[in-house]
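Tertiary structure, described
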2 protein chains.
Amino acid sequence: MSLSVSASTATVLDKSSPTVVDVDLGNRSYPIYIGSALLDQPLLLQRHVHGKRVLVVTNDTVGPLYLDKVVYALTKDNPNISVEHVILPDGEKFKEMDTLMKVFDKAIESRLDRKCTFVALGGGVIGDMCGYAAASFLRGVNFIQIPTTVMSQVDSSVGGKTGINHRLGKNLIGAFYQPQCVLIDTDTLNTLPDRELASGLAEVIKYGLIRDAEFFKWQEKNMSALMSRDAAALAYAIKRSCENKAEVVSLDEKESGLRATLNLGHTFGHAIENGLGYGEWLHGEAVAAGIAMAVDMSYRLGWIDGSLVYRVDKILKQGNLPTVPPDVMTVEMFKSVMAVDKKVADGLLRLILLKGPLGNCVFTGDYDKRALEGTLHAFCGR
Amino acid sequence: MSLSVSASTATVLDKSSPTVVDVDLGNRSYPIYIGSALLDQPLLLQRHVHGKRVLVVTNDTVGPLYLDKVVYALTKDNPNISVEHVILPDGEKFKEMDTLMKVFDKAIESRLDRKCTFVALGGGVIGDMCGYAAASFLRGVNFIQIPTTVMSQVDSSVGGKTGINHRLGKNLIGAFYQPQCVLIDTDTLNTLPDRELASGLAEVIKYGLIRDAEFFKWQEKNMSALMSRDAAALAYAIKRSCENKAEVVSLDEKESGLRATLNLGHTFGHAIENGLGYGEWLHGEAVAAGIAMAVDMSYRLGWIDGSLVYRVDKILKQGNLPTVPPDVMTVEMFKSVMAVDKKVADGLLRLILLKGPLGNCVFTGDYDKRALEGTLHAFCGR
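Residues numbered from 1 in each chain as written. Chains lettered and ligands numbered in written order. Predicted model: local features only at pLDDT ≥ 70, side-chain atom pairs only at ≥ 80, totals over all residues. Heavy atoms only, no water.

A closer look at the relation of the copies chain B and chain A
The criterion, for reference: A least-squares superposition brings the copies together, and it is based on the C-alpha atoms of residues with pLDDT no lower than 70 in both. It only takes one pair of heavy atoms within 4.5 Å for two residues to be counted as in contact.
Overlaying chain B with chain A gives an RMSD of 0.0 Å, the required rotation being 180° about an axis along which the chain moves by 0.0 Å. Put plainly, the chains are arranged around a two-fold axis. Taking C-alpha positions as the reference, the residue of chain B nearest the rotation axis is Met97(B), at 4.2 Å. The fraction of interface residues of chain B whose copies in chain A are also interface residues reaches 100%, indicating that both copies meet through the same surface.

Quick look at the structure:
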């Protein structure tokens, strides 16, 4: 494994040519560019801009750090382009309709037309909101993702899931809408807080567990390198995650089955985020506890070996991630939020659970309900 | 022409087999059923319901008249189905985000899942809002259109344009999202106010002008029959309108060109609706004045014969429709709203204008701006 890592790393770090991962979706296919200093290569971005008008959507944390750089990349040697921006408040609790309307307000007041391009500059919340705004503005305009967190670089910016939360549940309002490209400048991680870094690694761990045993083993060896922000290790983790995500999305864009497996731990995690109030725990933190719960339930069902339970617990802890939900969560709170999960079909809650050797999972509603009860009671004080 | 009308009429009025117009969009194709007493044929509706849960979206005018009938049609001999409903306030001014959120609230509180079906029961406002809600709820669920006005039966329910207004302009937020079927029970027109009937005829007249000279000539002969609600005449007008709409939508679903021609008079009309306040004039009334303005401008450009200006004026007046905008509209009000029209591209306002013999039009930004100035000043006191 180490050889292939080195080879990949070399490519990723070569500033002149970014690593490219393609998301294959017919006439809606697009590239993911991964590398250092990509925002210093204006043509990379400009080739995906349609029309002469751009709206950059960012937040009050990322905007001050990277907005000028992005505007420069968009306009360098490109005098015909004009760039507007809207700066939203930072945080999952602002991923809702009132904040989304600020994007529409700005776009309409700026008289942007159908030939404009929206650019999402920020983490998952910005990407989801900007994407949904792009899907809905004038019934659909082009957009580009520039994710600046591990979470968004390894997961949320790829695959076209966009949307906002409802007070009763996460991501309940949105659209499947694919970007023109995803541009991952790994240098933006230099300003990412440690807690955000760890949160993103929860999704990296997920890919290993559901479909990529070799990648999980690599993570077990390299978790300390990732936590200490080793550039080569991070670049490889991002690339391999994007490859996994791109492959799944290509096979099942609209989540009729396979794609749902990317939600390992998310049903439990969404309940935590909703129960605790959006933004109290980061998304990846809630997902980490959710993964621990899904793994526990898989073990209760007799579907996985005890050693895997141990390995998951260990790697999550190495990543400074929680392995149990916060004290405030009750069994009833889990049940109430899980009942409105998007994976409920005809009243039956389907879950992603591990089954078989490392790297295998199932998406199913066919499980012994007592295992779910057992897990909920084991992880909740009440 | 009269022979073919009679034949069509016979089919339309045969209760056992509705007239079917197909909208051909590959794997998103769907039928439009047209006929009398179609809501008394439960299987027609039930075959297009996916899942076991239905949400009927209607308003406080149409709901009291037809909700029970629709619930009966959905549930007759179909004990597994459960039907929720949400009743919105009636009127164009409620076609906005706060009202749309009531649909999401109801869907989520009712714990509807991805396998549910939304049913739009009402006119164009209900169809547009329910369709956009269906496009966005859980990133997309099935929906069915049951239009109950001439306007929605001949135009807005067909073709998948959904959305809401923004305070700065009409239909600026939305999605292209196709229904499973459109069910037009022409009996629902029995309760339609005269003013609403006339409003819908503006769109019928539009089809003749932009692409169907024979249909326009038929209308010139049958306008009094339409205004007096002759069932056979209305059924034919609806069928022929749906055929025109279905053909255009099949050729250009996302409005890259041809489909825009369906907006004859709409750019002027939207400015009137916005300037006057949504709901003051009905959509078709504003479109009628807009058609008169587009025809005037086409004549100023030398693109059509003076006799056509006369014929359009005459048929609009026979339909009790306005041929000039309301006094309150100024040249500046028109220009301000038209600047954010969806048909603006790279700053250039493209318009649908008649050109050549009856039944021909163009969608173009290549016109003498003085003609537009001349029309605006001729139709506005200030």
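Details of the packing of helix α7 (residues 194–211) of chain A against helix α11 (residues 283–300) of chain A
Residues and elements named next belong to chain A. Our working rule: Fitting a line to C-alpha atoms yields each axis, with helices limited to the stretch in contact; the angle taken between N-to-C directions then spans 0 to 180 degrees. Helix numbering and strand numbering both begin at the N terminus, where a helix is a DSSP run of H or I of at least 4 residues and a strand a DSSP run of E of at least 2. To sort the angles, those under 35 degrees are grouped as roughly parallel, those over 145 as roughly antiparallel, those from 65 to 115 as roughly perpendicular, and the leftovers as oblique. What makes a crossing left-handed is the near helix being turned counterclockwise from the far one by less than a right angle; a clockwise turn instead makes it right-handed. Under the scheme applied, nonpolar residues are Ala, Val, Leu, Ile, Met, Phe, Trp, Tyr, Cys and Pro; charged residues are Asp, Glu, Lys and Arg; polar residues are all the others, including Gly.
With their axes 7 Å apart at the nearest point, α7 and α11 run at an angle of 40° to one another. The angle between α7 and α11 falls in the class oblique. When you trace α7 past α11, the crossing you get is left-handed. Contacts between α7 and α11 involve Arg 195, Ser 199, Ala 202, Glu 203, Lys 206 and Leu 209 from the former and His 283, Gly 284, Glu 285, Val 287, Ala 288 and Ile 291 from the latter. Classifying every residue of the contact of α7 with α11 gives five nonpolar, three polar and four charged.

Considering the interface of chain B and chain A
Interfaces are often sized by the amount of accessible area the parts lose when they come together. The cut-off we apply is this: As used here, buried area is the combined drop in accessible area, with a 1.4 Å probe, of two parts when they are placed together. Throughout this description, the term salt bridge denotes a Lys or Arg side-chain nitrogen within 4 Å of a carboxyl oxygen of Asp or Glu. Any N or O atom pair separated by 3.5 Å or less is treated as a polar contact, with the protein-specific requirement of one donor-capable and one acceptor-capable atom, and with residues adjacent in sequence counted only for side-chain atom pairs.
Each partner contributes to the interface: chain B provides 38 residues, whereas chain A provides 38 residues. Summed over the three residues of chain B that lose the most area to chain A, namely Arg114(B), Arg139(B) and Asp346(B), the buried surface amounts to 22% of that side. For the pair chain B and chain A, the interface holds six salt bridges. For Glu109(B), the salt bridge goes to Arg167(A), with nearest N and O atoms at 3.2 Å. At the junction of chain B and chain A, the tally comes to 15 residue pairs in polar contact (both at pLDDT 80 or more). Elements supplying a minimum of two residues to the side of chain B that touches chain A: α4 (97–109), α5 (124–136), β7 (161–166), β8 (169–176) and β10 (344–345) of chain B. Grouping the constituent residues of the side of chain B that touches chain A by class yields 17 nonpolar, eight polar and 13 charged.

Points about the pairing of β8(B)
Residue and element names in this part refer to chain B. Note the cut-off: Each residue's exposure class comes from its accessible area (1.4 Å probe, protein chains only) as a fraction of the maximum for that residue type: buried when under 20%, exposed when over 50%, partly exposed otherwise. By the convention used here, strands pair only if DSSP detects at least 2 bridges between them.
β8 sits mainly inside the fold: eight of its eight residues count as buried. Here β7 pairs with β8 via five bridges, running antiparallel. Each residue of the ladder has a partner; that of Gly 163, found in β8, is Gly 174. Two successive antiparallel strands, β7 and β8, enclose a turn made up of two residues.

Focus: empty space enclosed by the protein
All names here are of chain B. Counted only if it meets this: Grid spacing is 1 Å over the protein atoms alone, the probe is 1.4 Å, and a cavity is where that probe fits but cannot get out, while a pocket is an open set with protein on both sides within 12 Å along at least five of seven lines and lining residues have an atom within 4 Å of a point. Grid points are joined across faces, edges and corners, and a volume is the space filled by probe spheres set on the points.
This structure, assessed with the given rule, holds three cavities of 30 Å³ or more. Empty space within the largest cavity amounts to approximately 80 Å³. Lining of the largest cavity is provided by Gly 169, Lys 170, Leu 172, Thr 267, His 270, Val 337, Met 338, Val 340, Asp 341 and Lys 342. Elements with a contribution of two residues or more to the lining of the largest cavity: β8, α10 (266–276) and α13 (331–338). No other element matches β8, which puts three residues into the lining of the largest cavity.

Some remarks on the packing of aromatic side chains
All names here are of chain A. As a reminder of what qualifies: A pair of aromatic rings is counted whenever rings of Phe, Tyr or Trp (Trp by its six-membered ring) have centres within 6.5 Å, and the orientation is called stacked for planes under 30 degrees apart, edge-to-face for over 60 and tilted otherwise. By definition, being over a ring means that NZ of Lys or CZ of Arg is both within 6 Å of the ring centre and within 35 degrees of the ring normal.
Counted according to the given criterion, the structure contains twelve aromatic pairs over all chains. Note on Phe 215 and Tyr 236: the rings are 6.2 Å apart at their centroids and 85° apart in plane angle, and the pair reads as edge-to-face. Of this pair, Phe 215 sits in helix α8 (residues 213–227) while Tyr 236 sits in helix α9 (residues 231–251); the two residues are 21 residues apart in sequence, bridging distant segments of the chain. Through a chain of ring-to-ring contacts, the aromatic side chains of Phe 215, Trp 218 and Tyr 236 assemble into a single cluster. The ring of Tyr 367 carries the charged tip of Lys 369 above its face, separated from the ring centre by 4.4 Å.

A short note on the nonpolar core
What tends to happen in soluble globular proteins is that the nonpolar side chains get buried as a cluster. Note the following rule: For our purposes a nonpolar core is just a set of buried Ala, Val, Leu, Ile, Met, Phe, Trp, Tyr and Cys residues, chained together by side-chain atoms within 4.5 Å.
Membership of the largest hydrophobic core comes to 80 residues, with the highest contact counts inside it found for Ile32(A), Leu209(A), Phe268(A), Met297(A), Phe334(A), Leu351(A) and Tyr367(A). The residues touching Leu209(A), leaving out its near neighbours within four places in the chain, are Phe216(A), Leu264(A), Ile291(A), Leu308(A), Val312(A), Leu354(A), Leu358(A), Gly359(A) and Asn360(A). Counting residues in each nonpolar core, the second largest holds 79 residues, with Val204(B), Ile210(B), Ile304(B) and Cys380(B) among its members.

Concerning unusual backbone geometry
All names here are of chain A. With a phi close to 55°, Asp 77 is a non-glycine residue in the positive phi region. Mapped onto the elements, Asp 77 comes out in the loop between α3 (62–75) and β4 (82–88). Judged by relative accessible area, Asp 77 falls into the exposed class, the value being 69%.

Quick look at the side chain of Arg139(A)
Looking at the secondary structure, you find Arg139(A) in the loop between α5 (124–136) and β6 (142–147). Not counting residues within four places of it along the chain, the set of residues in contact with Arg139(A) comprises Arg114(A), Lys161(B), Thr162(B), Asn171(B), Leu172(B), Gly174(B), Ala175(B), Phe176(B) and Lys342(B).

Quick look at the sheet that holds strand β2 (residues 30–35) of chain B
Think of a sheet as strands paired side by side through backbone hydrogen bonds, with each pair either parallel or antiparallel. Residue and element names in this part refer to chain B. The strand order across the open sheet formed by seven strands is β1-β2-β9-β6-β5-β3-β4, and the pairing between neighbours is mixed. Looking at which strands have only one partner, the edges of the open sheet turn out to be β1 (19–23) and β4 (82–88). For this sheet, the mean inter-axis angle between neighbouring strands, taken without regard to orientation, is 20°. Relative to β4, strand β3 (residues 53–59) runs parallel, the two sharing seven bridges. Directly across from Val 56, in β4, lies its bridge partner His 85. With respect to the sheet, helix α3 (residues 62–75) is in contact with β3, β4, β5 (117–122) and β6 (142–147), its orientation differing from that of β3 by roughly 165°. The strands touched by α5 within the sheet are β3, β4, β5 and β6, with β5 carrying the most contacts at an inclination of about 170°.

Some details on the pattern of salt bridges
Pairing between side chains of opposite charge can happen when the charged atoms of each approach one another. Residues and elements named next belong to chain A. All told, the structure shown has 52 salt bridges over all chains when counted by the stated rule. Two residues, Asp 40 and Lys 69, come together in a salt bridge whose shortest N-O distance is 3.2 Å. Within this pair, whereas Asp 40 is found in the loop between β2 (30–35) and α2 (42–46), its partner Lys 69 is found in helix α3, the two being separated by 29 residues in sequence. By relative accessible area, Asp 40 is classed as partly exposed at 46%.

Overview of the environment of Asp77(B)
A sequence separation of 55 residues divides Asp77(B) from Asp22(B), and the C-alpha atoms of the two residues are 27 Å apart. Separated by 3.0 Å, the side chains of Asp77(B) and Lys76(B) make a polar contact.

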